[in-house]
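Geometric and topological summary
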Amino acid sequence: PRGARYVIIDGANVGYSYASIAPDSDRHLPDLRGVELVANKLRSMGLTPVAVFHEQWCQGRYAQLSAESQRVMDALRAANALVPSPGQRDDDGTSIGFAVEYRCPIITNDNFRDHIARYKDVTHKWIRETCVKYTLHPGGGVVFALEDRPILTHYMQTGATKAEVSNLDRR
């Protein structure tokens, strides 16, 4: 929707990160409870989360996900907050394309270095300005690393567009 302040969630990145810390998770599968924590935190900040997953998790490998992860996937789908990457495109490429088109941040701990040569819009500077690192806690906490990203901090707090923020940066 027009005027929405989107924030992309790298679904697999966040899901596997949560699986690595949750004692009841299968570390070989993404645990989407982590995605749910991040999405809820973003909503509490007045932002619109959009989770990107490779199509395999949304369809073919959906049955391998835990019941809790399936519940989260279904809730994201029902809220129109799920973007499956097309079968031939990787989920990182879909996240990058969405972030470029909508000028919004990506919640991920991925450095996207392998995408610099593949996408003309992806530079080290773009990654530094667009990707927001996070820390998940099994008890339900989410911490976004915004202290070294003043542009993103402003966007996430005010919803200003990147162009508006860039103008602020020049003052």
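Here the structure is a predicted model, which is why all the values come from computation and not from measurement. The residue numbers shown here count from 1 along each chain, following its written sequence. With the structure being a predicted model, the display of local features is reserved for residues of pLDDT at least 70 and the display and counting of side-chain atom pairs for 80 or more, all residues being used for whole-chain, interface and lining totals. Excluded from the side-chain calculations are hydrogens and water; all other atoms, namely the structure's heavy atoms, are used.

Here we take up the overall build of the chain. Assigned secondary structure in the chain consists of eight helices and six strands. Each helix (α) and strand (β) of the chain, taken in turn from the N terminus, gives the series β-α-α-β-α-α-β-α-β-α-β-β-α-α. Any residue under 20% of the maximum accessible area for its type is buried, any over 50% is exposed, and the rest in between are partly exposed; the area is computed with a 1.4 Å probe on protein chains only. Put simply, the chain has 171 residues, and 47% of those count as buried. Taking contacts inside the chain between residues at least 6 apart in sequence as the whole, the part at least 24 apart equals 61%. Reported accessibility uses the Shrake-Rupley method at a 1.4 Å probe radius. Residues are deemed covered only where the shown protein chains occlude them. Of the roughly 8800 Å² that the chain leaves accessible, carbon and sulfur atoms contribute 50%. Going along the chain from the N terminus, every DSSP run of H or I of four or more residues is numbered as a helix, and every run of E of two or more is numbered as a strand. Note on definitions: a residue-residue contact is assigned when non-hydrogen atoms from the two residues lie within 4.5 Å.

Moving on to helix 2 (residues 33-44). Multiplying one less than the number of residues by 1.5 Å gives the expected span of a helix. Helix length check: helix 2 (12 residues) gives 16 Å between terminal C-alpha atoms against 16 Å at 1.5 Å per residue, within 8%. Among all positions of helix 2, only Arg33, Gly34, Val35, Leu37, Val38, Ala39 and Leu42 are buried.

All right, on to the pairing of strand 6 (residues 142-145) then. With burial as the criterion, only one face of strand 6 is covered, namely that bearing Val142 and Phe144; the residues Val143 and Ala145 on the opposite face remain uncovered. Two strands are said to pair when DSSP picks up at least two bridges between them. Looking at chain direction, strand 5 (residues 131-136) and strand 6 are connected through four bridges and run antiparallel. Each bridged residue has a counterpart across the sheet, and for tyrosine 134 the counterpart in strand 6 is phenylalanine 144. From the end of strand 5 to the start of strand 6, which pair antiparallel, there are five residues, and glycine 140 there has a positive phi angle of about 115 degrees.

Okay, the pattern of salt bridges next. Within this document, salt bridges are pairs made up of a side-chain nitrogen of Lys or Arg and a carboxyl oxygen of Asp or Glu, the two lying within 4 Å of each other. Scanning the entire structure with this criterion turns up six salt bridges. The salt bridge involving aspartate 31 is made with arginine 33; its shortest N-O contact spans 2.6 Å. Per residue, the accessibility class of aspartate 31 equals that of arginine 33, and both read buried. Among the charged side chains, a salt-bridge network with shared partners connects Asp24, Asp31 and Arg33.

Ranked by internal contacts, the top residues of the largest apolar core, which has 29 residues, are Val38 and Phe53. Where this core is concerned, the elements lending two or more residues are strand 1 (6-10), helix 1 (11-21), helix 2, strand 2 (48-54), helix 3 (55-58), helix 4 (67-78), strand 5 and strand 6. Looking at this core, the element that brings in the most residues is helix 2, giving five residues. Residues within four places of phenylalanine 53 in sequence aside, it is in contact with Gly11, Ala12, Leu32, Val35, Cys58, Met73, Leu76, Leu82, Val83, Pro84, Ser85 and Asp91. Judged by nonpolar contacts, the second largest core, of 15 residues, contains Ile8, Ala99, Cys104 and Ile127. Among buried residues, those of type Ala, Val, Leu, Ile, Met, Phe, Trp, Tyr and Cys that are joined through side-chain atoms within 4.5 Å constitute a nonpolar core.

Pairing is mixed in the open sheet, where six strands are placed in the order 3-2-1-4-5-6. Each edge of the open sheet carries a strand with a single partner, namely strand 3 (82-85) and strand 6. In the sheet, strand 2 pairs with strand 3 via four bridges, with the strands oriented parallel. Residue phenylalanine 53 lies in a different strand from strand 3, and its bridge partner there is proline 84. Axis definition: a line fit to C-alpha positions, over the contact stretch in the case of helices; interaxial angles, taken between N-to-C directions, run 0 to 180 degrees. On the sheet, helix 2 packs against strand 1, strand 2, strand 4 (106-107), strand 5 and strand 6 and is oriented at approximately 70 degrees with respect to strand 6.

Next up on the list: the packing of aromatic side chains. Paired rings are identified among Phe, Tyr and Trp, the last through its six-membered ring, by centres lying within 6.5 Å, and are further divided according to the angle between planes into stacked (under 30 degrees), edge-to-face (over 60) and tilted (the rest). One pass over the full model with this rule turns up three aromatic pairs. On the numbers, 5.6 Å between centres and 85 degrees between planes, the contact of tyrosine 6 with phenylalanine 98 is edge-to-face. Highlighted residues: tyrosine 6 in strand 1 and phenylalanine 98 in helix 5 (residues 91-102), separated in sequence by 92 residues. An aromatic cluster is built from Tyr6, Phe98 and Tyr102, whose rings are joined through pairwise contacts.

Moving on: the confidence of the model for the chain. The predictor's confidence in any single residue is recorded as pLDDT, a number from 0 to 100. Per-chain confidence: the chain averages 80 in pLDDT, with 81% of residues scoring 70 or above. Least confident of the elements in the chain is helix 8 (residues 162-169), whose mean pLDDT is 39; most confident is strand 4, at 94.

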